Amino acid sequence: MMRIFNKSNVIKHVGDVSLNIGANVVKEEQWAKVKSHPVVKGWLDMGTVEVEEGDLSDINEIKPISKAVEVIESTFDEKQLLEWKEQADRKGVKEAIDKQIEYLNEEGEGDE
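From a predicted model like this one, the values you see are computed outputs, not experimental measurements. Here the residue index of a chain counts from 1 through its sequence in written order. Thresholds applied to this predicted model are a pLDDT of at least 70 for local features of residues and 80 or more for the giving and counting of side-chain atom pairs; totals over whole chains, interfaces and linings are not thresholded and use all residues. The basis for every side-chain value is the complete set of heavy atoms in the structure, and neither hydrogens nor water enter the calculation.

Draft legend 1. Representation of the overall build of the protein chain within the structure. Strands here are runs of E lasting at least two residues and helices are runs of H or I lasting at least four, both read from the DSSP assignment and numbered beginning at the N terminus. Counting its regular elements, the protein chain contains five helices and five strands. Listed by position from the N terminus, the elements making up the protein chain come as β-β-β-β-α-α-β-α-α-α. Its C-alpha atoms give the protein chain principal-axis dimensions of about 40 × 35 × 20 Å. Relative accessible area decides the class of each residue, using a 1.4 Å probe on protein chains only: under 20% of the type maximum gives buried, over 50% gives exposed, and in between gives partly exposed. Here the protein chain holds 112 residues, and 36% of them are scored as buried. For this analysis, residues touch if any pair of their heavy atoms sits within 4.5 Å. Contacts spanning at least 24 positions in sequence make up 56% of the contacts within the protein chain whose residues lie at least 6 apart. Surface summary for the protein chain: the accessible area is close to 6,900 Å², and the carbon and sulfur share equals 49%. Averaging the coordinates of the 15 positive side-chain charges in the protein chain and doing the same for the 25 negative ones gives two points 7 Å apart. Throughout, the Shrake-Rupley method with a 1.4 Å probe supplies accessible areas, and for residues the shown protein chains are the sole cover considered. Only four residue types enter the charge count: Lys and Arg as positive, Asp and Glu as negative, with His and the chain ends excluded. The atom standing in for a charge is NZ when the residue is Lys, CZ when it is Arg, CG when it is Asp and CD when it is Glu.

Draft legend 2. Spotlight on the pattern of salt bridges. Salt bridge, as used here: a side-chain nitrogen of Lys or Arg that lies within 4 Å of a carboxyl oxygen of Asp or Glu. Counted according to the given criterion, the structure contains seven salt bridges. Residue K7 pairs with E50 through a salt bridge whose shortest N-O separation is 2.9 Å. Taken together, the residues K7 in the loop between β1 (2–6) and β2 (12–14) and E50 in strand β5 (residues 49–53) connect sequence positions 43 residues apart. Looking at K7, the relative accessible area reads 40%, which means it is partly exposed. Across the salt bridge formed by K67 and E50, the nearest N and O atoms sit 2.1 Å from each other. Within this pair, whereas K67 is found in helix α3 (residues 65–73), its partner E50 is found in strand β5, the two being separated by 17 residues in sequence. Three or more residues joined by partner-sharing salt bridges are found here, namely R3, K7, E50, E52, K67 and E70.

Draft legend 3. Representation of the sheet that holds β1. Strand order in the open sheet made by the three strands is β4-β1-β5, with antiparallel pairing throughout. At either margin of the open sheet sits one strand with a lone partner, and together these are β4 (22–26) and β5. For this sheet, the mean inter-axis angle between neighbouring strands, taken without regard to orientation, is 25°. Examined bridge by bridge, β1 and β4 share five bridges and lie antiparallel to one another. Bridging across to β4, N6 finds its partner in G22. At least two bridges found by DSSP between two strands is the condition for calling them paired. Note on definitions: angles span 0 to 180 degrees between N-to-C directions of axes, and those axes are lines fitted to C-alpha atoms, for helices only across the stretch in contact.

Draft legend 4. Fine view of the side chain of K67. A relative accessible area of 9% means that K67 is categorised as buried. Those residues in contact with K67 that sit more than four places away from it in its chain are F5, E50, E52 and I62.

Draft legend 5. View of the nonpolar core. Throughout, nonpolar core names a set of buried Ala, Val, Leu, Ile, Met, Phe, Trp, Tyr and Cys residues whose side chains join them through atoms within 4.5 Å. In terms of nonpolar packing, the biggest core is built from 17 residues, with I59, V71, I72, L81, W84, V93 and I97 touching the most fellow members. Of all the secondary-structure elements, those providing two or more residues to this core are α3, α4 (78–87) and α5 (91–109). Of the residues forming this core, the biggest block, five residues, is contributed by α5. Leaving out residues up to four positions away in the same chain, I59 has contacts with A68, V71, I72, W84, Q87, A88, R90 and V93.

Draft legend 6. How the structure looks around a negative patch on the surface. On the surface, D77, E78, E83 and E86 cluster together into a patch of negative charge. Inspection of the secondary structure puts E78 in helix α4. A residue is classified by how much of its surface remains accessible, and E78, at 30% relative accessible area, is partly exposed. In this analysis, a patch consists of residues with relative accessible area above 30% that form no salt bridge, clustered at 9 Å for like charges and at 5 Å for the nonpolar side chains Val, Leu, Ile, Met, Phe, Trp and Tyr.

Quick look at the structure:
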């Protein structure tokens with residue numbers, strides 16, 4: 001699996017790969033098919049897309065803390081955030097998770 005970070009403010013799509021804003025997990029085979037596409041090369045060259053090996057199941061594997069916080073701040077799945085909170089062993093990561101959950105709950109209150 002590949003962790004792919006879409007740092008832009010739009011969803012990106014090439015071939016059968018769609019990258020939501022923030023962190024994404026893409027199968028290595030899918031990424032291999034599109035990584036040489038000129039558009040993808042442009043994203044990589046501009047730095048709007050970053051690629052790492054691994055998935056998003058363990059927030060402790062994402063280093064440095066600033067990158068983990070960036071992933072957390074772009075995550076809108078409360079269930080995922082709660083899973084990460086249980087496993088997080090870095091204070092800054094735990095604080096970022098709490099802040100993002102609080103943000104999601106505040107946003108939800110306006111919908112009532």
